[in-house]
Amino acid sequence: MMMRRLTDFAGRRCACGFPRTGRRFFAASGGAVATPEQKSLPDDESQVSPTLKKYFNKTRIAMQMPMMTREYAVSNAALIPSFFLGRLQLELLEYPELSTKENVSNVNAMFEHVEDFVSSLDSAQIDLQGRISDPVLRSCGEIGLFGQRVDSSFNGLGLNALESTRIAEAMGLNASLFATLTAHEALGMKAIQLAGTEEQKRKYLPALATGEKIAAFCLAEASSGSDPQPIQSRAVLSPDGRSYFLNGRKSWVTNGSRADVYTVFALTTVKNDKVVLLTLY
């Protein structure tokens, strides 16, 4: 099938409003989502004993209170603890939407193109070989799947979170492809996007966004998984102070066998060997 870069769909309109029936598509909302009204809560902090105030924060105090007083504590609790106390602070959450029918049509067209491409792949053959072929990855690069949320100035598509999530739904038709592309963009190169210097971004992002180079994310070890606290790998500053030597062993590195750029978690000792930091290299 002919590969088209997803940016080619910008400005495309469909006679029926949406590309094809029988598929699930976005629809324009015509307005912002209203947030729930704030519930008026009584100020009952006076009912909390000084002893409890001293030894418990408001979230933990709530578990010791009658319901009316508990509501006060929940209203002042942090977001995640408040979930366990029975109150979802929906006003803190965002529900991004596509504002116009034209934007909806563009995203639906992108979804359709990616869905057709992924559906054309031989998933059984990929699983049998244990590897995605180079021609398939080149096609992904032509479409723009390696740099969906990378700024266009670095050869990316510049999609927002909602648009890229929609594309991810189509990529999910092939689990191997989804894992490869997600580990590449959402993990392997994300640190460069978020915290890299301008020099690092210019050096790495253009090739990563087009699939010319592939990124991997090195976190898990034999003694640790997604929790980085037990990590044993170390980064030691060179005698001349210009670089670091990485020592350790990583496990379960998606894209590890074919990546060009690796972001690696390691412990770094600073300030006269008294402070140990968890750092990403």
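Residues numbered from 1 in each chain as written. Predicted model: local features only at pLDDT ≥ 70, side-chain atom pairs only at ≥ 80, totals over all residues. Heavy atoms only, no water.

Looking at an unreviewed UniProt entry, one finds the chain named Acyl-CoA dehydrogenase family member 9, with Schistocephalus solidus as its source organism. Note on the chain: under the UniProt heading Cofactor (unreviewed entry), the record states "FAD". (UniProt positions renumbered as here; feature names shortened; annotations may be inferred.)

## Considering the pairing of strand E4 (residues 261–270)
The buried fraction of E4 amounts to seven of the 10 residues, a majority that puts the element mostly inside the structure. Relative to E4, strand E1 (residues 215–218) runs parallel, the two sharing four bridges. Considered in E4, the bridge of Ala216 is made with Tyr262. Pairing of strand E2 (residues 234–237) with E4, which is carried by two bridges, proceeds in the parallel orientation. Bridge pairing in E4 links Ala235 to Thr268. (Buried < 20%, exposed > 50% of the residue type's maximum accessible area, 1.4 Å probe, protein only. Helix = DSSP H or I, 4+ residues; strand = E, 2+ residues; numbered from the N terminus. Pairing = 2+ DSSP bridges.)

## Quick look at a nonpolar patch on the surface
On the surface, Ile80, Phe83, Phe84 and Leu88 cluster together into a nonpolar patch covering about 450 Å² of accessible area. Here Ile80 falls in the partly exposed class, since its relative accessible area comes to 49%. (Patch = residues over 30% accessible without salt bridge, like charges linked within 9 Å, V, L, I, M, F, W, Y side chains within 5 Å. Areas by Shrake-Rupley, 256 points an atom, 1.4 Å probe, with all protein chains shown as cover. Salt bridge = Lys/Arg side-chain N within 4 Å of Asp/Glu carboxyl O.)

## Thoughts on the pattern of salt bridges
Under the defined criterion, the tally for this structure stands at four salt bridges. The partner of Asp134 in a salt bridge is Arg258, and the shortest N-O contact between them spans 2.8 Å. With Asp134 in helix H7 (residues 134–143) and Arg258 in the loop between strand E3 (244–247) and E4, this residue pair connects regions lying 124 residues apart in the sequence. Between Lys201 and Glu198 there is a salt bridge whose closest N-O contact spans 3.8 Å. With Lys201 and Glu198 both in helix H11 (residues 198–210), this residue pair falls three residues apart, about one helical turn. Accessibility expressed as a relative area gives 16% for Lys201, which makes it buried.

## Remarks on the packing of helix H5 (residues 101–119) against H7
Running from N to C, H5 and H7 cross one another at 175 degrees; their axes reach a closest spacing of 12 Å. Classified by the interaxial angle, the pair formed by H5 and H7 is roughly antiparallel. Listed contacts from H7 to His113, Val114 and Phe117 of H5 are Val136, Ser139, Cys140 and Ile143. (Axes fitted to C-alpha atoms, helices over the stretch in contact; angles between N-to-C directions. Parallel < 35°, antiparallel > 145°, perpendicular 65-115°, else oblique. Contact = heavy atoms within 4.5 Å.)

## Details of the layout of surface pockets
Taken as a whole, the largest pocket encloses approximately 460 Å³ of empty space. Lining the largest pocket are 15 residues, with Ile192, Gln200, Tyr204, Leu280 and Tyr281 positioned closest to its centre. Contributions of two or more residues to the lining of the largest pocket are made by helix H10 (190–195), H11 and E4. With four residues, the single largest contributor to the lining of the largest pocket is H11. Split by residue class, the lining of the largest pocket holds eight nonpolar, four polar and three charged. There are two domains that each give the lining of the largest pocket at least three residues, and those are domain 1 (101–198) and domain 2 (214–280). (1 Å grid on protein atoms, 1.4 Å probe; cavity = no way out; pocket = protein on both sides within 12 Å on 5 of 7 lines; lining within 4 Å. Points joined across faces, edges and corners; volume = space filled by probe spheres on them. Nonpolar A, V, L, I, M, F, W, Y, C, P; charged D, E, K, R; others polar. Domains from an automatic or database assignment.)

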